[in-house]
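The lines below spell out each chain.
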Amino acid sequence: MLFNSFQFLLFFPIVTVIYFLLPHKFRWIHLLVASCVFYMAFIPVYILILIGTIVIDYIAGILIEDAEGKKKQGYLFMSIVANVAVLSIFKYYNFFVDNIVDVLHVFNFKANIPLLNIILPVGLSFHTFQAMSYTIEVYRGNQKAERHFGIYALYVMFYPQLVAGPIERPQNLLHQFHEKHEFSRTDVVAGLRQMMWGLFKKVVIADRLALLVDPAYEHPESATAAGLIIATFLFAYQIYCDFSGYSDIALGAARVMGYKLMVNFRRPYHSKSISEFWRRWHISLFTWFTDYIYNPMVIKLRNGGKVAVVFSVMTIFLISGLWHGAAWKFVIYGALQGIAVVYEILTKKLRKKFFKPFSKPVVNTISWLITMSYLCFTFVIFRAKDMKTAGYILKRIGGIFSEVGQSRYLLTTAVTYLPPLLWIGMLELIYYIQKGADTPQFIGTRPKPVRLAMYYALGFAIYFLGVYENRQFVYFAF
């Protein structure tokens, strides 16, 4: 079920009202059933996969807590293997088979390995990682094994963050399902406000930007070099408003019922380095990789110095790239992000010395321009259909100066892309006015007349300017 659908417009208030009418002891059943209905609105049969992994990890958590030594490690290993196996079959099997066949072909071997004709279950990577965080935290002793099967199932299936995160940790979320949440006007208003802001970013900004980005990337031969540059910049904001919009709706829907989910975005395009960008973008995923892969690797290789750090950084970014999709373009995208972070680590002192004569505003501006330019360069690879198309687009962009004198092309480009650029300018103006505050929270602190005016403005924009074609959220594909 899409957050930007008529279905959800009915689903959310009905589920929420019933939730508060029910006694506390029955609420978990209600939310679990509602979450099943929410997930089954996509492909109903795939809920069996989710139930299967829930049963495995529920049992694994108890076995891990009750075991010691190698048995404990063995149960954790089996749980992780089970989760990764499901993810690999549905998401990576065909990718690996295609590459094996290609390698064998180089050595004149013909292999007839059958491919699987299956659709990727929506949100599989998200709830798989959330399930793994549970068993890992139980193994580490940071979380007690959940003995209530229904509560554990709800931890994995909680509908606001089921299909696109944030990827929660058991320490933050599990205990909240045991607690009684009284109706709170403050939480309801704050939650609805955040949902409205998220929906605005999705249907008014992201989906309107997509109307220009999609044609440019689907038919790059028909676009000008300037048009491709602007389309790439617009895609950066499209994917941000799309994904952070989803997160805002998820956090808001949970907040209405009294649940608090982790913040997933902190204005990533205000970053002045790639490292900072990844501390602000999809925070729940980046911290997952940091806590469960990067830190253990650095500890294991603690005598390796900078080599160990570089190896660990590249490992998590390569895995992160593959997490985004089963294609070489995602692996290359991850590698480029990792290379940038490694560069920043290795040249930190040198860059500090180089920029010492310059004022802080100058340094910040230059750093921001370099960071955004590099991100947009990598977004070409991320958004393009494949590496061949990405190469063609980058080549076309490289020829921008040959089009500078062609006023007709520049005029057409300006007329086409001016409105969405104004939307982005408006978004950044809002962020500037807030001076670092969270947007929904900022709205909530304004005087009542101003606050009401903002609500009406957002509602007007959503109703009259929103794109309603049931456009799926970008990260559902991951």
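Calculation rules
Residues numbered from 1 in each chain as written. Predicted model: local features only at pLDDT ≥ 70, side-chain atom pairs only at ≥ 80, totals over all residues. Heavy atoms only, no water. Helix = DSSP H or I, 4+ residues; strand = E, 2+ residues; numbered from the N terminus. Rg over C-alpha atoms; globule rule 2.2 N^0.38 Å. Buried < 20%, exposed > 50% of the residue type's maximum accessible area, 1.4 Å probe, protein only. Contact = heavy atoms within 4.5 Å. Areas by Shrake-Rupley, 256 points an atom, 1.4 Å probe, with all protein chains shown as cover. Lys, Arg positive; Asp, Glu negative; His and termini not counted. Charge placed at Lys NZ, Arg CZ, Asp CG, Glu CD. Axes fitted to C-alpha atoms, helices over the stretch in contact; angles between N-to-C directions. Parallel < 35°, antiparallel > 145°, perpendicular 65-115°, else oblique. Left-handed = near helix turned anticlockwise from the far one by under 90°. Nonpolar A, V, L, I, M, F, W, Y, C, P; charged D, E, K, R; others polar. Expected span 1.5 Å × (residues − 1). Arc of directions from axis to C-beta. Salt bridge = Lys/Arg side-chain N within 4 Å of Asp/Glu carboxyl O. Patch = residues over 30% accessible without salt bridge, like charges linked within 9 Å, V, L, I, M, F, W, Y side chains within 5 Å.

Our next topic: the overall build of the protein. When its secondary structure is counted, the protein shows 19 helices and zero strands. The C-alpha radius of gyration of the protein comes to 24 Å, within 12% of the 23 Å expected for a compact globule of 478 residues. Oriented by its inertia axes, the alpha-carbon framework of the protein measures out at about 70 × 70 × 50 Å. In the protein, which comprises 478 residues, the share counted as buried stands at 50%. Restricting to contacts in the protein with at least 6 residues of sequence separation, those with at least 24 account for 77%. Accessible surface, the protein: about 23,400 Å² in total, of which carbon and sulfur atoms supply 68%. With 46 positive and 26 negative side-chain charges, the protein shows a spacing of 8 Å between the two charge centroids.

Viewed as axis vectors pointing N to C, helix H3 (residues 47-66) and helix H4 (residues 69-106) meet at an angle of 165°, and their least axial separation amounts to 8 Å. Judged by the inter-axis angle, H3 sits roughly antiparallel to H4. Crossing hand, H3 versus H4: left-handed. For the pair H3 and H4, the contacting residues are Ile 49, Thr 53, Ile 56, Asp 57, Ala 60, Leu 63 and Ile 64 in the first and Lys 72, Tyr 75, Leu 76, Ser 79, Ala 82, Asn 83, Val 86 and Phe 90 in the second. Along the lines of polarity and charge, the residues of the contact of H3 with H4 split into ten nonpolar, three polar and two charged.

Spanning 16 residues, helix H1 (residues 6-21) covers 24 Å between terminal C-alpha atoms, matching the ideal 22 Å at 1.5 Å per step. Those residues of H1 that sit buried are Phe 8, Phe 11, Phe 12, Val 15, Thr 16, Tyr 19 and Phe 20. What you see down the axis of H1 is that its buried residues fit within an arc of 140°, all on one side. Exposed side chains of H1 directed beyond 90 degrees from the buried face belong to Phe 6, Leu 9, Ile 14 and Leu 21. The secondary structure elements touched by the buried residues of H1 are helix H2 (24-40), helix H8 (185-218) and helix H9 (225-256).

Counting across every chain of the model gives ten salt bridges. Arg 147 is the partner of Glu 65 in a salt bridge, and the nearest nitrogen-oxygen pair spans 2.6 Å. With a gap of 82 residues between them, Glu 65 in helix H3 and Arg 147 in the loop between helix H5 (124-140) and helix H6 (149-157) connect regions that are remote in the sequence. Here Glu 65 falls in the partly exposed class, since its relative accessible area comes to 26%. Where Asp 291 meets Arg 169, a salt bridge forms, and the shortest distance between an N and an O atom there is 2.9 Å. Within this pair, whereas Asp 291 is found in helix H11 (residues 283-300), its partner Arg 169 is found in the loop between H6 and helix H7 (170-173), the two being separated by 122 residues in sequence. Asp 291 gets classed as partly exposed once you look at its relative accessible area, which sits at 27%.

Another aspect to go through is a nonpolar patch on the surface. A cluster of nonpolar side chains, Val 45, Leu 48, Ile 51, Val 55, Ile 59, Leu 63 and Phe 149, forms an exposed patch at the surface whose accessible area comes to about 570 Å². A total of five residues in the nonpolar patch trace back to one element, the largest contributor, which is H3. If you trace the backbone, Leu 63 turns up in helix H3. Judged by its relative accessible area of 34%, Leu 63 is partly exposed.

This part takes up unusual backbone geometry. For the peptide bond that leads from Gly 165 to Pro 166, omega is 5°, which places it in the cis range. Relative to the assigned elements, Pro 166 resides in the loop between H6 and H7. The phi dihedral of Arg 267 is positive, around 45°, even though this residue is not glycine. Inspection of the secondary structure puts Arg 267 in the loop between H9 and helix H10 (274-280). Even without being glycine, His 282 reaches a positive phi, approximately 40°. Inspection of the secondary structure puts His 282 in the loop between H10 and H11.

Moving on: a positive patch on the surface. Taken together, Arg 279, Lys 348, Lys 352 and Lys 356 make up a surface patch of like positive charges. Residue placement: Lys 348 occurs in helix H14 (residues 348-354).

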